[in-house]
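What the coordinates show
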Amino acid sequence: MNLRDKVLAYLYDKKSATVEEIANDLKEDSDYVQATLRVLENEKLVRKSEKGLIKKRTIYELTPSGLVEAEKAYEKVKEKANELQQIIQEEGEIPEDYVDLLPLLMTLSLIETMMLEDMLLFDIFNNM
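As the structure is a prediction and not an experimental result, all values here were calculated from the model. (Residues numbered from 1 in each chain as written. Predicted model: local features only at pLDDT ≥ 70, side-chain atom pairs only at ≥ 80, totals over all residues. Heavy atoms only, no water.)

**With respect to the overall build of the chain**
So the rule is basically this: Runs of H or I in DSSP of at least four residues are treated as helices and runs of E of at least two as strands, each being numbered from the N terminus. The rule is simple: take the accessible area with a 1.4 Å probe, protein chains only, and divide by the maximum for that residue type; under 20% is buried, over 50% is exposed, in between is partly exposed. Pairs of residues are marked as contacts when any of their non-hydrogen atoms sit within 4.5 Å. Note on areas: these come from Shrake-Rupley sampling with a 1.4 Å probe, and a residue is covered only by the protein chains present in the view.
The number of helices and strands found in the chain is seven helices and three strands. In the chain, the succession of helices and strands from N to C terminus is α-β-α-α-β-β-α-α-α-α. Out of the 128 residues in the chain, the part that is buried amounts to 38%. Sequence-distant contacts in the chain: of pairs separated by 6 or more residues, those separated by 24 or more amount to 55%. About 8100 Å² of surface is accessible on the chain, with carbon and sulfur atoms providing 51% of the total.

**Here's the deal with the pattern of salt bridges**
Proximity of charged atoms lets side chains of opposite charge pair with each other. Convention followed: The rule for a salt bridge is simple: a side-chain nitrogen of Lys or Arg has to be within 4 Å of a carboxyl oxygen of Asp or Glu.
Taken as a whole, this structure holds 10 salt bridges when the rule is applied. Residues D100 and K6 are paired through a salt bridge, measuring 3.2 Å at the closest nitrogen-oxygen approach. Separated by 94 residues along the polypeptide, D100 in the loop between α5 (96–99) and α6 (102–107) and K6 in helix α1 (residues 3–14) bring together distant segments of the chain. The closest approach of N and O atoms between R47 and E61, which form a salt bridge, is 3.6 Å. Taken together, the residues R47 in strand β2 (residues 46–51) and E61 in strand β3 (residues 57–62) connect sequence positions 14 residues apart. On the basis of relative accessible area, R47 is assigned to the partly exposed category, the value being 39%. The partly exposed category is assigned to E61, whose relative accessible area is 24%.

**A look at the environment of E43**
You can see E43 is positioned in the loop between α3 (30–42) and β2. A residue is classified by how much of its surface remains accessible, and E43, at 39% relative accessible area, is partly exposed. Separated by 22 residues in the primary sequence, E43 and S65 have C-alpha atoms spaced 9.4 Å apart.

This is how it looks when you write it as C-alpha cells:
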C-alpha cells in the first residue's frame, strides 16, 4: 500500500493531524509525509489550517472530496487487516509485504496488538 493511501486512511480515522503525528504513527519519514500531503493538497483532497490559541500548529484534514477517497483507502486497509489476521491464524507469521502496514493497522486499532505480542513471544522462545 502506498503512502498516499496510508495518509488518507489515517486522516479518515483521526479527522485531523500534524505532519509529525502522521509520520510518528505511520513510522514514516516526515519529509515523505510532508510531500505526500502537498500532493493531496494539490489534488484538493486535504486542506491545511492553523490550530491553537497560543502555540499555533499546522494541521491537515480531509476535504469533502478527500473524505470520499479516504473512505475507499480505509476500506482497503480494513481488507488488508482481515487478510493479515487470517494469514497469522493459519501460518503463524507475518508476510514481508504486510510489515510496512503494521504501524497503521495498530494505530487504527484494526489488528489485535495481543495477537502480535503472542507471535513475538512465541518467536523469542522458539529461537532460544
